[in-house]
Amino acid sequence: MPDTSASEPIIQLREVVKTYHSEAGDYTALKGLNLEVYPGEFLGILGKSGAGKSTLLNMLSGVDQVTSGEVLVRSAEGVIALHTLDENALALWRGRNMGIVYQSFQLLPTLSLMENVMLPIDLCGNYHPRRSRERAMELLRMVELEEHARKIPAFISGGQKQRVAIARALANDPPIIVADEPTGSLDSVTAEHIFELFEKLVAAGKTIVMVTHDQGLMPRFTRYKILADGAWVEEMP
Amino acid sequence: MRPRWKKVLTDLWDNKARTLLVVLSIAIGVLAIGVIAGAYVIIDADMSVSYAAHNPANLELRMQDFDTDLLDAVRHYHGIADAEARRAISLSVRPQGSEVWTKLDFIAVQDFKENRINLLTPVEGADQPHNGEILLEEDARDKLGVAPGDVVEVRLRDGTIKPLRVAGIVQDPTTSAADFLAAPLAYVPDDSLPDLHQPQTFNRLYITLDSGQDDEDHIREMLFTVKDKIEKSGYYVGFTRRSKTHQHPLASTVNAVLGILMALGVLIVFLSSSLIANTLSALLQQHMRHIGVMKLVGGRNYQVLGMYLVLMLAFGLLALLIAVPLGGQGAYGLALFIANSIGFALQGYRIVPLAFVAQIAVGLLVPLVAGLAPVLSGTRITVLQAISGDPARFGGGVSESLIDRTLLRLTQALARRGIHTPRPVLISIRNTFRNKRRLALTLFTLTMGGAIFISVFNVRTSLYRFVQQVGNYFLADVSVDFSKSYRIHKVESYIKQVPGVVAVEGWTYATAEILYPDGSLADNINILAPPANTSLVSPLMVAGRWMRPDDVRKLVISESILDAYPDLQPGDTLRLKIEGKEETWEVVGIFKFVGLEGTLGYAPYEYLSRAQNRANRAFSYRVITEEHDRAYQNLMRQRLDASLRAHGFQVEDTTAGLASLDDASESLDILITFLLIMALLTATVGSMGLAGTMGMNVLERTREIGIMRAIGGTDTRIMGIVITEGLFIGLISWVLADILSVPFSYFLSGIVSRAIFNTPIQVVFTPTGFGLWLGLVIILSSLASVLPAYNAARLTIREVLAYE
């Protein structure tokens, strides 16, 4: 377990509010949330559907903008206030510093598994034909999909797709991984394998924030927080 | 290959139908531009080169018979480079064994070897006929259907039939280059003239100038000088024509027609660009998640934009691969077709750099310009909007539109009156208006295609109607010309004895020159003089009145006089040089006629016959028969010819109907065919747009279709909804096309008629275009919807609900 008292938080949310405006009226999904995530943590964020979990994940990955408050992330470039970056800067920062895994995998259907994994390397300007290929193969080997490297996503199972998504999240070797219900659409055996993969990554020094509604996973996080109606209701330990 | 470029490649390859749709829509426009631009450049260059290479006469004088003494004298006039003399006669010819006579203009050439002006190009067989032989111009060969070695029969003016062997086929781009209604040409050596019962003298003089051959003012001045000298030598000149060496007389007409085709080509490019915009917009919508994923893993706007710009360039390059080679071939093919139709030679197959560059520019720029807006908006989408797959949910905005509200109110109002619109029909109608931008672009493409299609039929009818109206100046079923004048009462009594004759009129005519106030030549005029109350002329009056029996030196004149005297009005006078005498004539009316044929005038027989000292006598007679079809006219021509000759009349020629108007209609057919091809291309682009739209609509609604099937929608019902939507779009476009075709018809017919007839014509609307387009749009809409509908219906519920 990481020593949260000794180190600086790698992610910090301060009084984060997110309100959606629509013709039906305003809806506040996050109500002044504070959060600190420490290096090496495997933080679980739990809650029921509509609690604001995915919204929170979008805030700390820079996928969505806060209505008020701050999201600060520590990386090689120093502490970055995500809400101050424009779309392009955020994309580059995210590609280098944060891997994201979704429940629906979000692989590009026309690219092979290896090309899907190489895509972040290409887009973040680190592409080198041979080295990128080796890196992608290394990651696919890690997720035990080396022999499927040239297949397209349509020809592999859901669990395999999620492992490719994890490999892709690690392509640029980011210190942080965020995962939104990564086991939500998988059967229990496959979900277990995926979870074990995340545990291995934490053991290897990655910081992981995972959103899930599965309360059975609570004991396996180094820390978890429960969200309801856009506000924290419980934190353990 | 970098993953991002691999994605571009697979986007091109994996959805072949979409790639084909975009590539073909670009290629059609590029092809049209390449063919027309290439043909334009080839014709522009080769027409004048070919024309000049045949050393065309700068001056042509059709005159009273003359001999080599005058020719030698003319050759020594100051400013003359060369002169040649020929004899032109009009005779009817038929292939041996045939009953159908074709009128040809025979040109007797002094020495084919020494021919230096209006040169002939050998096409087939010999190029120098001997006595008893004839050379035929390509057009004459086509009309007669003969080949070198065949024998044709010539009907001489006394009725004798003279066989001549076809020695060869030639091309003559110069002799009747400007005559819209000219008869096809044939050439004989002048020592065969006695065998044709013709004097061995000349009646046409062809002159080239030693300088200023392309200077209009100099040529006119020289014509004035030469003609004056010839007339002072005691010869009567009936008709003159002047021509530049390096400008084919029909160059401006051909260029104008090609200009119209080019305008339609540009329109096709424009229409295809809206199809491209639509398809790319749909592609970007389908790729929204892909864009989101790329941005999620580090992709910046410019990188994503770059990928889609490369994709658009690839569409353009693929289109160029198809369109450029075809365009080069098509351009030469079109140029060759026009060259053969007009009668000049091309300088050989070649790639036209301008057309090549224009095709590349259009092929690459059109997809970029058309696709830029959808690509820019697509690539600017935020990660959140893209990943959610619902841009409206995060900032796109959703609201009920005016059309939705109107439809709702309409169906509610109908329901209150007990009219219940079937639910599937309502779904189809609402679906039609769901993606309004796409609907607008589809309607625009289909409407423009339809409007052009309908307009071409209106223009076609207007042109044919005008040719028919021109025929109203020549309504006779049979024309009979004698080589001497006879008393009208005598001829009339004999002609009326022939069964089938209804009426007969004796006509006279005169040729004259219209002079400018300084005495120089403004224009030539042929004055026809039927009886003032003739039933054989139905003039299209533009101003003033028709002639009266008591008119003296009064003239009804064709509209082309306005080229020389733009402000001329009825009541004004003109100086005419008629049969050597200068006279002042009053213009009492102006009528519409084919401008290219020169100026035509009508004066009453009652006056002109007296002025020519031939009162109650005539050389030329017009006969009306009981029936007016071509076969009956031919039969009556034969009967009249035989009967009059049997009674001892010196018949020079008898002609059925007006064959030259058939030739004019054939020329129009060629133009109409080109216009129809362009109209069909625009219609094809339009229907491709509709097919693409329906395909995209169904693809985007795959999940909805799955839900409908899950709650009981049958295959037939689902196909019905999709096809009804396609038909609904087609019918909306038909209504819009009908409206738009009105100004289009006026515009197109104005340009075409000015180019061909040198005068605007009355636009006639025909139900054919509207009806045909309605039928086509129903067929095209159904076809465009059937495949997407079938695809939608055959998916299983599991497949559609799993669709992403």
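Since we're looking at a predicted model, the values are computed, not measured.

A.B. asks: Help me out: how do you make sense of the overall build of chain A in this one?
C.D. replies: Tallying secondary structure elements over chain A gives six helices and 10 strands in all. The globule rule puts the C-alpha radius of gyration for 237 residues at 18 Å, and the 18 Å found for chain A is close to it. Overall size of chain A, expressed as C-alpha extent along the three principal axes, is 45 × 45 × 40 Å. Taking all 237 residues of chain A together, 48% fall into the buried category. In chain A, 71% of the contacts between residues at least 6 apart in sequence involve partners at least 24 apart.

A.B. asks: Just checking my understanding: could you explain the overall build of chain B for this structure?
C.D. replies: Counting secondary structure elements, chain B contains 23 helices and 20 strands. Principal-axis analysis of the C-alpha atoms places the extent of chain B at approximately 100 × 65 × 55 Å. Every one of the 804 residues in chain B was classed for burial, and the buried ones make up 45%. Within chain B, contacts between residues separated by at least 24 positions form 83% of all contacts whose residues are at least 6 apart in sequence.

A.B. asks: Even after reading the chapter, I still don't get the sheet that holds strand E1 (residues 11–22) of chain A, so can you show me in this structure?
C.D. replies: Where strands meet in a sheet, backbone hydrogen bonds hold them as pairs that are either parallel or antiparallel. Residue and element names in this part refer to chain A. Spatially, the four strands line up as an open sheet ordered E2-E1-E4-E5, and their pairing is antiparallel. The outermost strands of the open sheet, each flanked by one partner alone, are strand E2 (25–37) and strand E5 (78–81). Neighbouring strand axes in the sheet, compared pairwise and without regard to direction, differ in orientation by 25 degrees on average. In terms of strand pairing, strand E4 (residues 68–75) meets E5 through four bridges, oriented antiparallel. Its bridge partner being in E5, Leu72 is matched across the sheet by Ala81. Running over the sheet, helix H1 (residues 53–61) touches E1, E2 and E4 and is turned about 120 degrees from E1.

A.B. asks: What exactly am I supposed to notice about unusual backbone geometry here?
C.D. replies: The phi torsion of most residues other than glycine is negative, and most of the peptide bonds are trans. Residue and element names in this part refer to chain A. The phi dihedral of Phe105 falls on the positive side, at around 70 degrees, and the residue is not glycine. Position of Phe105 among the secondary structure elements: in the loop between strand E6 (98–102) and helix H3 (113–123). At Gln106, a residue that is not glycine, the phi angle is positive and equals roughly 55 degrees. Relative to the helices and strands, Gln106 is located in the loop between E6 and H3.

A.B. asks: Before we go on, may I ask you to explain the packing of helix H14 (residues 436–471) of chain B against helix H21 (residues 715–757) of chain B in this structure?
C.D. replies: In helix packing, the relevant descriptors are the interaxial angle and the interaxial distance, both defined with respect to the helix axes. Residue and element names in this part refer to chain B. Where H14 contacts H21, the two axes come as close as 5 Å, and the packing angle between them is 40 degrees. Overall, the two elements H14 and H21 adopt an arrangement that is oblique. Handedness of the crossing formed by H14 with H21: right-handed. Tallied by class, residues from the contact of H14 with H21 come to 19 nonpolar, 12 polar and one charged.

A.B. asks: What should I look at first to understand the packing of helix H2 (residues 16–53) of chain B against helix H9 (residues 353–379) of chain B in this one?
C.D. replies: Residues and elements named next belong to chain B. Contact pair H2 / H9: the axes reach a minimum separation of 8 Å and the direction vectors enclose 160 degrees. Compared by their axis directions, H2 and H9 come out roughly antiparallel. As for how H2 packs across H9, the hand of that crossing is right-handed. Contacts from Ile26, Gly29, Val30, Ile33, Gly34, Ala37, Gly38 and Val41 in H2 reach Leu354, Ala355, Ala358, Gln359, Val362, Gly363, Val366 and Pro367 in H9.

A.B. asks: Teacher, can you tell me more about helix H18 (residues 630–646) of chain B here?
C.D. replies: Residues spaced three or four apart along an α-helix point in a common direction, a consequence of the helix completing one turn every 3.6 residues. Residue and element names in this part refer to chain B. Its 17 residues give H18 an end-to-end C-alpha distance of 24 Å, which sits within 8% of 24 Å, the value for a rise of 1.5 Å per residue. Along H18, the positions that sit buried rather than exposed are Gln633, Met636, Arg637, Leu640, Asp641 and Leu644. End-on, the buried residues of H18 take up no more than an arc of 135 degrees, which puts them together on one face. Facing away from the buried side of H18 by over 90 degrees, the exposed positions are Ala631 and Ala646. Positive backbone phi, at 90 degrees, marks Gly648, one or two positions downstream of H18.

A.B. asks: Hey, could you run me through the confidence of the model for chain B in this one?
C.D. replies: In low-pLDDT regions, the fine details of the predicted coordinates are not to be read closely. The predicted model of chain B has a mean per-residue pLDDT of 84, with 93% of residues at 70 or higher. Within the model, the stretch residues 394–398 of chain B combines pLDDT values under 50 with nine contacts to residues more than four positions away or in other chains.

A.B. asks: How should the pairing of strand E11 (residues 478–487) of chain B be read in this particular structure?
C.D. replies: Within a regular strand, the side chains alternate between the two sheet faces. As defined by bridge partners, E11(B) adjoins strand E19 (residues 617–625) of chain B across six bridges and the pair is classed as antiparallel. Across the sheet, the residue bridging to B:Tyr486 is B:Ala618, located in E19(B).

A.B. asks: Even after reading the chapter, I still don't get the domain arrangement of chain B, so can you show me in this structure?
C.D. replies: Buried accessible area, meaning the area lost when the parts come together, often serves as the stated size of an interface. All names here are of chain B. Parsing chain B into structural domains produces domain 1 (1–55 + 253–398), domain 2 (62–242), domain 3 (435–472 + 661–804) and domain 4 (475–657). On a C-alpha basis, the centroid separation for the pair domain 2 and domain 4 is 25 Å. Counting residues at the interface gives 16 residues for domain 2 and 15 residues for domain 4. With four residues, the top contributor of residues to the side of domain 2 that touches domain 4 is helix H5 (residues 216–232). Of the residues assigned to the side of domain 2 that touches domain 4, the class counts are seven nonpolar, five polar and four charged.

A.B. asks: Looking at this model, I keep getting lost on the interface of chain B and chain A. Mind explaining?
C.D. replies: With 24 residues of chain B at the contact, the number on the chain A side is 24 residues. Looking at the side of chain B that touches chain A element by element, the count peaks at seven residues for helix H1 (residues 3–14) of chain B. Considered class by class, the residues forming the side of chain B that touches chain A number eight nonpolar, seven polar and nine charged.

A.B. asks: Teacher, can you tell me more about the nonpolar core here?
C.D. replies: Here is a general trend for soluble globular proteins: nonpolar side chains tend to be buried in one another's company. With 239 residues, the main nonpolar core has A:Val117 and B:Ala39 as its most contacted residues. Of all the elements, H2(B) adds the most residues to this core, at 20 residues. With residues near it in sequence (within four places) discarded, A:Val117 still touches A:Ala136, A:Leu139, A:Leu140, A:Val164, A:Ala167, A:Arg168 and A:Ala171. Within the second largest apolar cluster, 28 residues are counted, among which are B:Leu91, B:Ile107, B:Leu185 and B:Tyr187.

A.B. asks: It is not clear to me how the environment of B:Gly79 should be interpreted in this structure. Could you clarify?
C.D. replies: All names here are of chain B. Of note, Gly79 is situated in the loop between helix H3 (68–75) and strand E2 (80–95). On a C-alpha basis, the gap between Gly79 and Glu99 in space is 49 Å, while along the polypeptide they are 20 residues apart. Excluding residues within four positions of it along the chain, Gly79 makes contact with Leu209, Asp210 and Met222.

A.B. asks: Even after reading the chapter, I still don't get the environment of B:Tyr509, so can you show me in this structure?
C.D. replies: Residues and elements named next belong to chain B. With respect to the secondary-structure elements, Tyr509 resides in strand E12 (residues 501–515). Tyr509 sits in the partly exposed class, given 18 other C-beta atoms within 10 Å. For the pair Tyr509 and Gln612, spaced 103 residues apart in sequence, the C-alpha separation works out to 9.5 Å. Apart from the residues within four sequence positions on either side, Tyr509 is in contact with Asn526, Ile527, Leu528, Ala529 and Ser620.

A.B. asks: How should I be thinking about the pairing of strand E16 (residues 573–578) of chain B in this particular structure?
C.D. replies: All names here are of chain B. On E16, burial follows the alternation: Leu574, Leu576 and Ile578 on one face are buried, whereas Thr573, Arg575 and Lys577 on the facing-out side are not. Sheet topology note: the E12/E16 ladder contains four bridges and is antiparallel. Directly across from Glu513, in E16, lies its bridge partner Lys577. Where E16 and strand E17 (residues 581–591) come together, six bridges link them in antiparallel fashion. Each residue of the ladder has a partner; that of Leu576, found in E17, is Glu583. Linking E16 to E17, which pair antiparallel, is a turn of two residues; within it Glu579 sits at a positive phi near 50 degrees.

Rules behind the numbers
Residues numbered from 1 in each chain as written. Chains lettered and ligands numbered in written order. Predicted model: local features only at pLDDT ≥ 70, side-chain atom pairs only at ≥ 80, totals over all residues. Helix = DSSP H or I, 4+ residues; strand = E, 2+ residues; numbered from the N terminus. Rg over C-alpha atoms; globule rule 2.2 N^0.38 Å. Buried ≥ 20, exposed ≤ 12 C-beta atoms within 10 Å, placed from the backbone. Contact = placed C-beta atoms within 7 Å. Pairing = 2+ DSSP bridges. Axes fitted to C-alpha atoms, helices over the stretch in contact; angles between N-to-C directions. Parallel < 35°, antiparallel > 145°, perpendicular 65-115°, else oblique. Left-handed = near helix turned anticlockwise from the far one by under 90°. Nonpolar A, V, L, I, M, F, W, Y, C, P; charged D, E, K, R; others polar. Expected span 1.5 Å × (residues − 1). Arc of directions from axis to C-beta. pLDDT = per-residue confidence, 0-100. Domains from an automatic or database assignment. Core = buried A, V, L, I, M, F, W, Y, C linked by C-beta atoms within 7 Å.

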